[in-house]
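# Residue-level structural notes
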Amino acid sequence: MLPATFKLCAAISYQHLRNMTGLRRQAAVAISQELSKLACRGTGPSTWINQVRRRSSLLSSRLEEKPFSEMEMSYIKQGEEALQKSLSILGDQDGWKTETVVDNGDKVQSKVLPDVGKVFRLEVVVDQPLDAVYSELVDNMEQMGDWNPNVKEVKILQKIGKDTVITHEKAAATPGNIVGPRDFVSVRCSKRRGSTCVLAGMSTKYGAMPEQEGFVRAENGPTCMILRPLPGSPSQTKLIWLLSIDLKGWLPKTIINQVLSQTQVAFANHLRERLARTVAVNC
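Here we summarise the structure given alongside this text.

Conventions adopted
Residues numbered from 1 in each chain as written. Predicted model: local features only at pLDDT ≥ 70, side-chain atom pairs only at ≥ 80, totals over all residues. Heavy atoms only, no water. Helix = DSSP H or I, 4+ residues; strand = E, 2+ residues; numbered from the N terminus. Buried < 20%, exposed > 50% of the residue type's maximum accessible area, 1.4 Å probe, protein only. Contact = heavy atoms within 4.5 Å. Areas by Shrake-Rupley, 256 points an atom, 1.4 Å probe, with all protein chains shown as cover. Core = buried A, V, L, I, M, F, W, Y, C linked by side-chain atoms within 4.5 Å. Salt bridge = Lys/Arg side-chain N within 4 Å of Asp/Glu carboxyl O. Phe/Tyr/Trp six-rings, centres within 6.5 Å; stacked < 30°, edge-to-face > 60°. Lys NZ or Arg CZ within 6 Å of the ring centre and 35° of its normal.

## Here we look at the overall build of the chain
Counting its regular elements, the chain contains nine helices and 12 strands. The buried share among the 283 residues of the chain stands at 48%. For the chain, the proportion of contacts with a sequence separation of at least 24, taken over those separated by at least 6, is 63%. Approximately 14100 Å² of the chain is accessible, and the part contributed by carbon and sulfur atoms is 52%.

This is how it looks when you write it as structure tokens:
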């Protein structure tokens, strides 16, 4: 990470703080301090990640909104942390090992991080414009179970402001029940700035959604999807998906690694099919 980037993200004018009161002001100060600490860590990212960081200031997008409760602010902060940590991982180009390369160019890489474990990175090009991909993944996220057979259901439990949601996702069992049904409770943060979109998330606790019978409560994050137009071809979208999951239970690592990389490749294919059908219907 570039220190200057986080200094920019964390900068809050004295006048802004004077205009904030009570819990909202305390939360803003706390988040500003956390972002400032991050300025001292990490290495320089690529240009496009740097641009996202500079323009993804949590505080600047929140100042004009209604006050949030202490719990809501904690979820907002979790989403922002997932976003920043994901971008830091993607920004470090060293140490990635190729897991899968498909004939159409789709590629899955992985690396092991001391504080996270094994993470997977999918890079694909989708033959649809960014707006269509963004709408499917963000605006229509609850419909993912209709087109992705690896997902049984995605349900939005709570919306917090315009960028943050709490979701409950049910994952289907893998063929042969090698990996049984899992579910996740996640906080998701979406940022759209210019031609770049960042969709980040991580597992969280949500009292209204306890563990469900028949499902193992797994954990994910930090996870992130980056969407941006393919250079020179605005009708196509470059998608990068950072996946970090702890499936829980007694599963051999070799099986987990195979399942996760295959899941990413399958997701890209199902997304393409979904978008192709949607475009055909709209035409």
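Right, picking up where we left off after that structure.
## Side note on the nonpolar core
If you look at the biggest cluster of nonpolar residues, it comprises 34 residues, and the most contacted ones within it are Val-133, Leu-137, Leu-227, Leu-239, Phe-267 and Leu-271. Secondary-structure elements contributing two or more residues to this core are β3 (117-126), α7 (130-139), α8 (144-147), β4 (151-160), β7 (196-203), β10 (223-230), β11 (233-243) and α9 (253-282). It is α9 that provides the largest number of residues to this core, a total of eight residues. Contact partners of Leu-227, with chain neighbours within four places excluded, come to Leu-130, Val-133, Tyr-134, Leu-137, Ser-195, Thr-196, Cys-197, Leu-199, Thr-237, Lys-238 and Leu-239. Grouped together as the second largest cluster of nonpolar side chains are 14 residues, Leu-83, Leu-113, Cys-189 and Leu-242 included.

## Quick look at the pattern of salt bridges
Taken as a whole, this structure holds 14 salt bridges when the rule is applied. For the salt bridge of Glu-99 with Lys-118, the shortest nitrogen-to-oxygen distance reads 3.1 Å. Here the residue Glu-99 occupies a position in strand β1 (residues 97-101), and Lys-118 occupies one in strand β3, the gap between them amounting to 19 residues. The class of Glu-99 is partly exposed, set by a relative accessible area of 28%. Taking the shortest distance from any N to any O, the salt bridge between Arg-274 and Glu-136 comes out at 3.2 Å.

## Some details on the packing of aromatic side chains
The description of an aromatic ring pair rests on the distance of the ring centres and on the angle between the ring planes. A complete count under the given rule lists three aromatic pairs for this structure. For the ring pair Trp-147 and Phe-267, a centre distance of 5.9 Å and an interplane angle of 45° mean the geometry is tilted. Residue Trp-147 is found in helix α8, and its partner Phe-267 is found in helix α9; the two are separated by 120 residues along the sequence. Classification of Phe-267 by relative accessible area gives buried; the value is 3%. One aromatic cluster is present, built from ring pairs that chain together Trp-147, Trp-241 and Phe-267. Of note, Arg-121 hangs over the ring of Trp-96, and the distance from its end group to the ring centre comes to 5.6 Å.

## Some remarks on the environment of Leu-243
For Leu-243, the position within the fold is in strand β11. A sequence separation of 133 residues divides Leu-243 from Ser-110, and the C-alpha atoms of the two residues are 9.3 Å apart. Each residue touching Leu-243, except ones within four places of it in the same chain, is listed here: Val-119, Phe-120, Thr-223, Leu-260 and Gln-264.

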